[in-house]
Structures are given as structure tokens and as C-alpha cells.
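So you can see what is in the structure, the chains are spelled out below.
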Amino acid sequence: MTHESTPLVDPEIFFRVQQSIDEDALVREALRATIKEIERYARTILAILARSHSTPPAQLPSVLKSTEKHFNDLRTALKELSDVASKHPYYKYNGMWTNQLQQASYCAVLYAWLGGSINGSDAQEGRLLSIEEVGQVLDVPVNVADKDIFHLTIEEYLHSLVSLINELSRLAINSVTLRIYQRPLLISRFVKDLFAAFQVLNLKNDSLRRRFDSIKYDVKKVEEVVYDLSLRGKIDPSSQ
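Since the model is a prediction, treat every value here as computed from it, not as a measurement.

**Q** I keep staring at the environment of Gln136 and nothing clicks. Help me out?
**A** By secondary structure assignment, the location of Gln136 is in helix H6 (residues 131-138). Gln136 sits 98 residues away from Lys234 along the chain, and the two C-alpha atoms are 39 Å apart.

**Q** Can you walk me through the environment of Ser66 in this structure?
**A** Looking at where Ser66 falls in the secondary structure, it is placed in the loop between helix H2 (60-65) and helix H3 (68-85). Along the chain, Ser66 and Leu110 lie 44 residues apart, while their C-alpha atoms are 14 Å from each other.

**Q** So what exactly am I meant to see when it comes to the pattern of salt bridges here?
**A** When charged atoms on two side chains of opposite charge get close, those side chains can pair. Evaluated as defined, the whole model comprises twelve salt bridges. One salt bridge in this structure joins Arg43 and Glu39, with 3.6 Å as the shortest N-O distance. In this pair, Arg43 and Glu39 are both assigned in helix H1 (residues 11-49), four residues apart and thus about one turn of the helix distant. In this structure Glu39 comes out as partly exposed when scored by relative accessible area, which is 29%. Asp206 is the partner of Arg209 in a salt bridge, and the nearest nitrogen-oxygen pair spans 2.6 Å. Placement of the pair is Arg209 and Asp206 together in helix H9 (residues 206-231), with a separation of three residues, close to one helical turn. Looking at Asp206, the relative accessible area reads 43%, which means it is partly exposed.

**Q** When you look at the packing of helix H8 (residues 182-200) against H9 in this model, what are you seeing that I'm missing?
**A** Two measures define how a pair of helices packs: the angle their axes make with one another and the distance between the axes. Their axes nearest at 9 Å, the elements H8 and H9 cross at an angle of 155°. As far as their axial angle goes, H9 and H8 are roughly antiparallel. By crossing handedness, the relation of H8 to H9 is classed as left-handed. Along its contact with H8, which presents Pro184, Leu185, Ile187, Ser188, Val191, Lys192, Phe195, Phe198 and Gln199, the element H9 presents Phe212, Ile215, Lys216, Val219, Val222, Glu223, Val225, Val226 and Leu229. Broken down by class, the residue content of the contact of H8 with H9 amounts to 13 nonpolar, two polar and three charged.

Quick notes on the rules
Residues numbered from 1 in each chain as written. Predicted model: local features only at pLDDT ≥ 70, side-chain atom pairs only at ≥ 80, totals over all residues. Heavy atoms only, no water. Helix = DSSP H or I, 4+ residues; strand = E, 2+ residues; numbered from the N terminus. Salt bridge = Lys/Arg side-chain N within 4 Å of Asp/Glu carboxyl O. Buried < 20%, exposed > 50% of the residue type's maximum accessible area, 1.4 Å probe, protein only. Axes fitted to C-alpha atoms, helices over the stretch in contact; angles between N-to-C directions. Parallel < 35°, antiparallel > 145°, perpendicular 65-115°, else oblique. Left-handed = near helix turned anticlockwise from the far one by under 90°. Contact = heavy atoms within 4.5 Å. Nonpolar A, V, L, I, M, F, W, Y, C, P; charged D, E, K, R; others polar.

The values are spatial; any link to function lies outside them.
In C-alpha cells form, the structure reads like this:
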């Protein structure tokens, strides 16, 4: 008499696994749609801010003001992402949006450095936003350690500062073309101070450490611009 053998593997285990896979795919799809919006708004803001390379100082405030609508759109998209992401374990999905959040932070720090007004404050070229101030601009929590929620991390903020230095090295060169000779001097002091501040940090993030190592080339590039201007008598060498 034959007996039907009992399966050694319970099929229900894999039904549950497939259900989890399907649920995960739905979450990722919802996140991906909003992340694309964040990336699009950030690109738009950076495209506008790139005009600083060819805009005289007197006209720069109007360029900065034209980003306001897009910052509002960016904040709305970040809020939508936060609403979805905060329902799930943060470190399960944060790899999906970390590059876009770095870019959003970079929008904020570049805008402020160029003299954009933050929360109604007076415009001031050369200003460095803290991570808390970036969080206020983007309307997102920062460096949250005691809750499993969407937030801007210290590493994402530091990545945005490296991007800022990269951009300022280009701006120093293009400022000379516009005959804005004092700006490269300001940039030189700023990037040197920021580079020194980075050297104090014990960076554990491999990607961030590699990007930090490249900063010295941007610092050198700016130093060469300032040196050339001093040789041509365009700036006072004693003010460096």
C-alpha cells in the first residue's frame, strides 16, 4: 500500500516570502516616483544657480529670487517622501534617496553662499549653512538618532559641502572673466577654512573620504587664481 509522502518544505513559507517581496516592490515604486520629482526640482534649482557664473553681482539677487518657487516644490516633494519613508525602517530604503538628498542639501548651501536670503535674513555672500539651517530650508529633520524616521544625515550634509567646494573653484575662475576680482579672494579664504575643518573629522564613510581627498585640488586651483590676480595687481596680496 502506497502512502502519499508529506512535503519536506512547507509551500506556505514561500507564499509569505512572495507576499513580502510584492509589498516591498510597491513601497519602492511609491518612493521612486517621489525621488524622481526631488531630483527634477533640484536640477532646476542648480541650473538657475549656475547663472551665477555669468551674472554680474547687481543682477544676482533676481537670479536667486527666481529659485523660490522651485524650493517650494522641492520642499513639497521632500514632505511626500518623508510621509512614505517614515512608515518603514529608515535604513532599509535610505539608499534609494541618499544621492537626491545630498543634491537637495547642496542646493541649499550653494543658494546661501551666493547670498540667498534664509528665513528673511539679510543676504550675505560667503555664508555657510549649518546642517540645522539646511534642515530648516528643506523642512526636513536632521541627524535623527533616536527615531526611525526620514531625515538628512550628517554624511549627506558633508557630501553637499564637498560639492559646494567643487562649484566654488569653478566660480573663482569665472568671476575673473566678469572682473569680480574680490570674489576669488573670498572663495579662497572660505575653501581653505572649510578644508581645514574637514581635516579635523575622522571620516568613516569611504565615499565621503574619497571625495574629501579630492578637495585639495580645488583648493590649489583657487590659490592659483588668487596668485595670478595678485601678480596682475588686481587684488591686495596682504588681504589674503
